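# Per-entry structural report
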Amino acid sequence: MLKANSIHKSYGQLQILKGVDLEVQQGEIVTIVGASGAGKSSLLNILGTLDRPDSGQLFINNIELSKLSNKNLSDFRNREIGFIFQFHHLLAEFTAVENVCIPAFIAGTSRSDAERKATELLELLGLKDRINHKPNELSGGEQQRVAVARALINNPALIFADEPSGNLDSVNALELHELFIKLRNDFNQTFVIVTHNEDLANLSDRTVLMKDGLIVQ
Ligand SMILES: Nc1ncnc2c1ncn2[C@@H]1O[C@H](COP(=O)(O)OP(=O)(O)OP(=O)(O)O)[C@@H](O)[C@H]1O
Ligand SMILES: [Mg+2]
């Protein structure tokens, strides 16, 4: 599903990624671990097409992403990739269901179809009675589950998450991790997750260790 070959990235004189190779199969949950500054977020942003590498190739579903124009790349990202960040980045003025709909609206889905799908997803994630709550009327765990629903709404090929439970207490973190496993088991959803959480790394199918801009294990 994903294949990265010799990804390099520098900021000025600073080499951040020094030739990263990674393959991810459909339905796999891969976690990326490593010390602060190892280059995990930089790599995730490149794999998630938010940033472009200086050199190297990235294929998702056999599409070579460096060949796409910025416009085609943002369409691809909207349809095929979901993101979950450490902080939920929900829009404060919008309700849970409206937040979840936004990527579907960007993809051109009608309001009624988007709202139906968003409501289904929120119900699936245990938020049936919270769909009209705004982010500040939700707990941290609930906010993060809304962010998961938003990541899922366009049926993405891949979900990338950067420290998704970094801001949650241990009970909510465990619930979120179990949700990832359920989405993999029930829908064959593929995940690439950067985490400092050992429990999540242990639950995942495969863990890669980054050190100084390389995958070392
Ligand atoms: N836009 C940028 N300009 C310059 N340097 C950057 C930029 N983004 C990241 N870096 C540097 O790249 C290195 C890797 O950063 P990155 O955010 O990928 O680390 P990380 O492994 O995600 O760390 P953490 O676990 O703390 O989140 C760091 O030394 C950081 O200072
Ligand atoms: Mg990081």
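First things first, this report covers the structure right here in the doc. Model, not experiment: these values are computed from the prediction.

## What to know about the sheet that holds strand 7 (residues 158-162)
The strand order across the open sheet built from six strands is 6-7-8-3-9-10, with neighbouring strands paired in mixed fashion. Lying at the two open borders of the sheet, with one neighbouring strand each, are strand 6 (81-84) and strand 10 (214-215). In this sheet, strand 7 lies alongside strand 6 in parallel orientation, the contact comprising four bridges. Residue G82 lies in a different strand from strand 7, and its bridge partner there is I159. Sitting on the sheet, helix 2 (residues 70-80) touches strand 6 and strand 7, and the angle it makes with strand 6 is about 70°. Helix-sheet contacts for helix 5 (residues 140-152) involve strand 6 and strand 7, and the interaxial angle to strand 6 is about 170°.

## What to know about the packing of aromatic side chains
Summed over all chains, the structure comprises three aromatic pairs. Both rings, one in F83 and one in F85, keep their centres 5.8 Å apart while their planes meet at 10°; by these two values the pair is stacked. What makes F85 partly exposed here is its relative accessible area of 28%. With a centroid separation of 5.0 Å and 45° between ring planes, the pair formed by F180 and F191 is classed as tilted. Taken together, the positions of F180 in helix 6 (residues 170-187) and F191 in strand 8 (residues 190-194) put the pair 11 residues apart, joining distant regions of the chain. Comparing F180 with F191 shows no difference in burial state: the two are buried. By way of ring pairs, the aromatic residues F83, F85 and F160 are connected into one cluster.

## Here's the deal with the sheet that holds strand 2 (residues 14-24)
With respect to topology, four strands assemble into an open sheet ordered 2-1-4-5, the strand pairing being antiparallel. Unpaired on one side and paired on the other, strand 2 and strand 5 (63-64) mark the two borders of the sheet. Bridging between strand 1 (residues 2-11) and strand 2 involves eight bridges; their strand directions are antiparallel. Across the sheet, A4 pairs through a bridge with L22, a residue of strand 2. Taken strand by strand, helix 1 (residues 40-47) contacts strand 1, strand 2 and strand 4 (55-60), and its axis lies near 55° from that of strand 2.

## Examining helix 5
If you check helix 5, its first and last C-alpha atoms are 19 Å apart, about what 13 residues at 1.5 Å a residue would give, namely 18 Å. With 12 of its 13 residues buried, helix 5 lies for the most part within the structure. Restricting attention to buried positions, one finds in helix 5 the residues G141, E142, Q143, Q144, R145, V146, A147, V148, A149, R150, A151 and L152. Contacts from the buried residues of helix 5 go to strand 6, helix 3 (96-106), helix 4 (111-124), strand 7 and helix 6.

Basis of the calculations
Within any chain, residue numbers begin from 1 and follow the written order of that chain's sequence. Chain letters start at A and ligand numbers start at 1, both assigned in the order the entries are written. The predicted nature of this model means local features are confined to residues of pLDDT at least 70 and side-chain atom pairs, given and counted, to a pLDDT of 80 or more, with totals for whole chains, interfaces and linings taken over all residues. Excluded from the side-chain calculation are hydrogens and water; included are all heavy atoms of the structure. A pair of strands is treated as paired once DSSP finds two or more bridges between them. Here a helix means four or more residues in a row that DSSP labels H or I, a strand means two or more in a row labelled E, and each is numbered from the N terminus. Any two residues having at least one pair of non-hydrogen atoms within 4.5 Å are treated as being in contact. All axes here are fitted lines through C-alpha atoms, helices being fitted over the stretch that makes contact, and every angle between N-to-C directions spans 0 to 180 degrees. The rule is short: rings of Phe, Tyr and Trp, with Trp giving its six-membered ring, pair when the centres are within 6.5 Å, and they are stacked under 30 degrees, edge-to-face over 60, tilted in between. For the exposure calls, accessible area comes from a 1.4 Å probe over protein chains only, and a residue counts as buried if that area is under 20% of its type's maximum, exposed if over 50%, partly exposed in between. What a helix is expected to span follows from its residue count: subtract one and scale by 1.5 Å.

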